[in-house]
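Listed below are the residues making up each chain.
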Amino acid sequence: MKTMLVIFLGTVCISFVAAILPVSSNDNVINIIQKKPVINTCSPLYPRATLTRDLRKLDGIWNFRLSPPNNPLFGFLNGWYQQDLAKTGPVIPMPVPSSYNDVGVDAVVRDHTGVVWYDRRFYAPRWWRDAKQRVWLRFSSVHYQAKVFLNGNQVTSHEIGHLPFEVEITDAVLYNSSNLLTVAVDNTLTLNTIPQENGYDFFNYAGIHRTVYIYSTPQLYIEDITIDTDIQGYTGIVTYDISVKGSSEDEIICFVEIFDRNNTKVGSSQNCSGVVDIPQAHLWWPYLMHHDPGYLYTLKVSLVNTRDELVDTYTERFGIRTVIWTNTTVYLNDQQIYLRGFGMHEDSDFRGKGWDPVLWVKNINLIKWVGGNSFRTSHYPYAEEIYQLADEHGIMVIDECPSVNAINYSDSLLEKHKQSLTELIRRDKNHPSVIMWSIANEPVSDRPNCDEYFKKVVAHVKTMDVSRPVTYALANPKDIAGKHLDVISFNRYNGWYQETGELQHVADNVAREALQWHRKYNRSVLMSEYGADTIAGMHFLPTFVWSEDYQVALMSEHFKAFDKLRQSGFFVGEFIWNFADFKTKQGIIRAGGNKKGIFTRSRQPKAAAHHLRARYHAVAAADAGAAPPRPQLYISDNTPIHHDDL
């Protein structure tokens with residue numbers, strides 16, 4: 001069977017015939033429907049309303065339906081996108097943004113793998129048309145693959161969840177009636193997706209996970225801003241480049257202004273690319289490394305024509321800081337850094353991976369309460385707002401693309417892997433919090449073709465950004481690709497998956513393995529995962545696996561190794577797994593999910609949170625040359641009892 005599909009990309013209409021083929025193990029349904037890929041060139045700029053741009057959110061309650069069992073193509077073949085879903089069958093309400101899995105009470109929805117459908121209607125303000133504005137539709141994240149229809153016509157598609165995509169809909173949007181927006185989502189993972197379906201240990205949440213925007217720009221608009229910073233003495237050096245798209249009959253002047261935290265102008269320029277010096281600059285510092293962490297400036301770009309009329313304007317916040325590295329050390333602003341971090345997940349009750357500002361403000365507050373200064377976006381890019389919070393609070397980020405447990409290193413997978421990093425780096429390049437790119441988690445990295453594969457992946461990253469080191473979290477003792485990395489990160493679960501319940505060898509094993517990786521690759525090393533599953537409230541004396549007591553004891557053995565490694569000259573950080581408990585697929589080794597969190601899924605502390613808090617604050621004080629912190633709660637003044645004799 002064949003079907004004709006029509007795609008509107010901005011003002012360009014492309015049509016082609018796609019064969020409807022049986023589902024293969026290396027494709028999902030949306031790829032089968034559309035064999036010709038659409039490379040989506042999303043603007044890297046975060047959507048903002050300005051004096052020249054309008055912005056509307058399409059969040060709320062959408063209509064939702066699963067594809068019929070064993071017939072994922074049914075909706076495509078029967079034109080569900082050509083009219084309201086409610087007219088072609090029953091629908092259920094579905095909040096956006098959220099994962100669809102945990103909202104209802106039906107296991108069929110929770111465990112669904114395949115195609116689902118969303119739709120809603122919206123109105124576009126007529127003044128956009130009257131002002132001859134461009135109109136854009138942007139999805140901040142849809143997992144895993146999406147096909148988007150507007151008023152019955154396909155306007156775009158996107159593969160790889162966790163990253164934004166957008167399309168210009170200026171010629172497709174209606175102003176005299178409501179607009180029907182329909183989205184088909186497929187969460188099927190295969191050996192040819194990023195990530196691959198290879199038994200990774202977190203739940204395959206799916207749906208429209210982040211905010212959906214419709215926004216306007218002028219015909220001539222600011223498409224991208226790239227900011228790089230350096231430091232010379234007390235002067236901050238800001239190098240910038242402004243990308244402008246569209247056409248104008250007038251000559252355009254590009255005004256650039258830089259404002260400090262108090263909205264005082266501290267620098268300016270009249271070019272779309274250039275260098276601005278900031279005297280007596282306030283540097284961006286991590287939390288507990290400076291009394292004023294997370295200092296941000298604002299770069300404002302204004303396009304003005306020869307009649308002195310404002311054409312477009314946009315602001316971007318940034319921090320002035322440098323990151324350099326050697327084979328033993330990572331420096332921020334020429335000072336050695338030691339990462340006190342967490343592996344995390346975008347995961348919470350009901351919402352799944354849906355963006356939740358309440359949850360993430362709480363997460364940042366808890367990170368600071370524990371004394372952490374960093375986290376890794378395990379195992380995919382997080383919502384853009386999370387990086388903004390990290391910027392503001394001085395929390396460093398190892399930014400990870402969605403490659404997890406890679407095992408099949410094909411040419412087609414390589415292109416998708418590189419594309420995921422292209423989109424990630426374009427989106428996150430201006431965040432001062434992002435200090436390192438992670439290109440994978442626990443790849444099967446001893447296969448002959450993986451060496452050349454990761455060499456090409458790292459080379460691709462270096463074509464886009466040479467200002468940050470590159471790492472991946474390795475777990476394969478026979479790894480052969482680590483030589484291409486700038487920093488070695490390793491995951492190991494001593495006392496849990498290896499020698500379960502045995503603590504006597506943990507410290508020696510950790511120290512020995514870190515040294516082995518340093519000697520093998522001559523790179524600095526950090527431990528990116530360690531830990532033990534723990535049922536909150538379970539206690540045993542002597543310690544026993546799954547108890548809070550065992551989790552604390554296992555952490556202490558790692559602390560011994562870390563303190564030894566901190567004196568080795570090449571060890572740069574420790575990241576516990578995990579910040580909080582998170583959901584996984586059902587299994588006999590998962591009691592309601594992965595329980596390695598130091599916080600429960602509802603963000604309440606286990607004993608481990610208090611234990612890690614004592615360590616992280618002590619390490620931060622030591623690195624700052626300060627006295628050890630006092631115990632959180634009063635215990636004793638350590639003086640002997642006194643009696644007055646009569």
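Residues numbered from 1 in each chain as written. Predicted model: local features only at pLDDT ≥ 70, side-chain atom pairs only at ≥ 80, totals over all residues. Heavy atoms only, no water.

**Examining the packing of aromatic side chains**
For clarity, the cut-off: Each pair of aromatic rings taken from Phe, Tyr and Trp, with Trp reduced to its six-membered ring, is defined by centres within 6.5 Å and is described as stacked if the planes are under 30 degrees apart, edge-to-face if over 60, and tilted in the remaining cases. Helix and strand assignments follow DSSP, with helices taken as H or I runs no shorter than four residues and strands as E runs no shorter than two, numbered in order from the N terminus. Between buried and exposed lies partly exposed: a residue is buried under 20% and exposed over 50% of the maximum accessible area for its type, with that area taken using a 1.4 Å probe on protein chains only. Geometrically, a lysine NZ or arginine CZ counts as sitting over a ring once it is within 6 Å of the ring centre and also within 35 degrees of the ring normal.
Scanning the entire structure with this criterion turns up 37 aromatic pairs. Judged by centre distance (5.7 Å) and plane angle (70 degrees), the ring pair of Trp80 and Trp117 falls under edge-to-face. Taken together, the residues Trp80 in the loop between helix H2 (74-77) and strand S5 (92-96) and Trp117 in strand S6 (residues 115-122) connect sequence positions 37 residues apart. Of the two residues, Trp80 and Trp117, neither departs from the other in class, the shared state being buried. Ring centres of Phe202 and Tyr380 lie 5.8 Å apart, and the angle between their planes is 55 degrees; this geometry places the pair in the tilted category. With Phe202 in the loop between strand S12 (179-186) and strand S13 (207-208) and Tyr380 in the loop between strand S26 (374-376) and helix H6 (384-393), this pair connects stretches of sequence that are 178 residues apart. Between the NZ or CZ atom of Arg65 and the centre of the ring of Trp80, over which it lies, the distance is 4.4 Å. The ring of Tyr493 carries Lys596 above its face, with NZ or CZ at 5.4 Å from the centroid.

**Things to note about the confidence of the model for the protein chain**
Low pLDDT marks regions whose predicted coordinates should not be analysed in detail. Here is the rule we go by: Every residue gets a pLDDT, meaning the predictor's confidence in that residue, from 0 to 100. Contacts are assigned to residue pairs that have any heavy atoms within 4.5 Å of one another.
In this model, the protein chain carries an average pLDDT of 93, and 93% of its residues clear a pLDDT of 70 or more. Here residues 1-25 is a poorly scored stretch, pLDDT under 50, and it has 62 contacts once near neighbours within four places are set aside; other chains count.

**A short note on unusual backbone geometry**
The phi torsion of most residues other than glycine is negative, and most of the peptide bonds are trans. Of note, the amide linkage connecting Ser378 to His379 takes the cis form, showing an omega dihedral of -10 degrees. Among the structural elements, His379 can be located in the loop between S26 and H6. At the junction of Leu541 and Pro542, the peptide bond is cis and its omega measures out at 0 degrees in the coordinates. Structurally, Pro542 can be placed in the loop between strand S31 (524-529) and helix H10 (548-566). Positive phi, normally seen in glycine, also occurs at Lys132, with a value near 55 degrees.

**Quick look at helix H8 (residues 448-464)**
Buried within H8 are the following residues: Cys450, Asp451, Tyr453, Phe454, Val457, Val458, His460 and Val461. Along its buried surface, H8 packs onto helix H7 (411-428), strand S28 (434-441) and strand S29 (470-474).

**Considerations on the packing of helix H5 (residues 357-370) against helix H11 (residues 607-623)**
We count it as follows: To define axes, lines are fitted to C-alpha atoms, for helices over the stretch in contact only, and angles between the resulting N-to-C directions are given on a 0 to 180 degree scale. Here roughly perpendicular refers to angles of 65 to 115 degrees, roughly parallel to angles under 35, roughly antiparallel to angles over 145, and oblique to all remaining angles. For this scheme, ten residues count as nonpolar: Ala, Val, Leu, Ile, Met, Phe, Trp, Tyr, Cys and Pro. Four count as charged, namely Asp, Glu, Lys and Arg, and the remainder, Gly too, count as polar.
With their axes 7 Å apart at the nearest point, H5 and H11 run at an angle of 60 degrees to one another. The pairing of H5 with H11 is recorded here as oblique in orientation. Here Lys368, Trp369 and Val370 of H5 come into contact with H11, specifically with Ala609, His610, Leu612, Arg613, Tyr616 and His617. Here the residues of the contact of H5 with H11 are counted per class, giving five nonpolar, two polar and two charged.

**Here we look at the environment of Ala390**
With respect to the helices and strands, Ala390 occurs in helix H6. Given the relative accessible area of 0%, Ala390 is considered buried. Considered as a pair, Ala390 and Gln133 are 257 residues apart in the sequence and their alpha carbons are 33 Å apart. When residues no more than four places from it in sequence are discounted, the contact partners of Ala390 are Trp284, Phe375, Ile395, Val397 and Ser433.

**Comments concerning the environment of Val103**
Considering the arrangement of structural elements, one finds Val103 in the loop between S5 and helix H3 (107-110). For Val103, a relative accessible area of 35% gives the class partly exposed. Taking C-alpha positions, Val103 is 31 Å from Ser177, a pair spaced 74 residues apart along the chain.

**Describing the sheet that holds strand S16 (residues 235-245)**
Rule in force here: Strands qualify as paired when DSSP identifies two bridges or more between them.
The three strands lie next to each other as S15-S16-S19, forming an open sheet whose pairing is antiparallel. Each of the sheet's edge strands pairs with one partner strand only, and the pair in question is strand S15 (221-232) and strand S19 (273-278). For this sheet, the mean inter-axis angle between neighbouring strands, taken without regard to orientation, is 20 degrees. Summarising the sheet, S15 and S16 pair through 11 bridges and their orientation is antiparallel. Bridge pairing in S16 places Ile222 opposite Val244.

**Some points on the pattern of salt bridges**
Stated precisely, the cut-off is as follows: Only one rule defines a salt bridge in this text: a Lys or Arg side-chain nitrogen within 4 Å of an Asp or Glu carboxyl oxygen.
Throughout the structure, instances matching the rule amount to 38 salt bridges. Its salt-bridge partner being Lys560, residue Glu557 comes within 2.9 Å of it at the nearest N-O pair. Remark: Lys560 and Glu557 occur in helix H10; sequence separation between them is three residues, near one turn of the helix. In this structure, a network of salt bridges that share partners links the residues Asp201, Asp533, Arg590 and Lys596.

**Examining the nonpolar core**
This is how the line gets drawn: Put simply, a nonpolar core is a bunch of buried Ala, Val, Leu, Ile, Met, Phe, Trp, Tyr and Cys residues held in one set by side-chain atoms that sit within 4.5 Å of each other.
Counting 91 residues, the largest nonpolar core has Phe342, Phe375, Ile439, Phe454, Phe571, Ile598 and Leu612 as the members making the most contacts within it. In terms of residue count, H10 provides more of this core than any other element does, eight residues in total. Setting aside chain neighbours within four positions, we find Phe571 in contact with Thr328, Tyr338, Ala514, Val525, Leu526, Met527, Phe562, Leu565 and Arg566. Counting 43 residues, the second-largest nonpolar core is a separate cluster that includes Leu45, Ile222, Leu303 and Val323.

**A look at the packing of H5 against H6**
Selection rule: Take the far helix as your reference; a near helix turned counterclockwise from it by less than a right angle gives a left-handed crossing, and one turned clockwise gives a right-handed crossing.
Look at H5 against H6: their axes get within 10 Å of each other, and the N-to-C directions meet at 35 degrees. Like other packed secondary-structure pairs, H5 and H6 cross with a definite hand, here right-handed. Residue-level contacts link Trp360, Val361, Ile364 and Lys368 of H5 to Ile386, Leu389 and His393 of H6. Looking at the contact of H5 with H6 residue by residue, the classes come out as five nonpolar, one polar and one charged.

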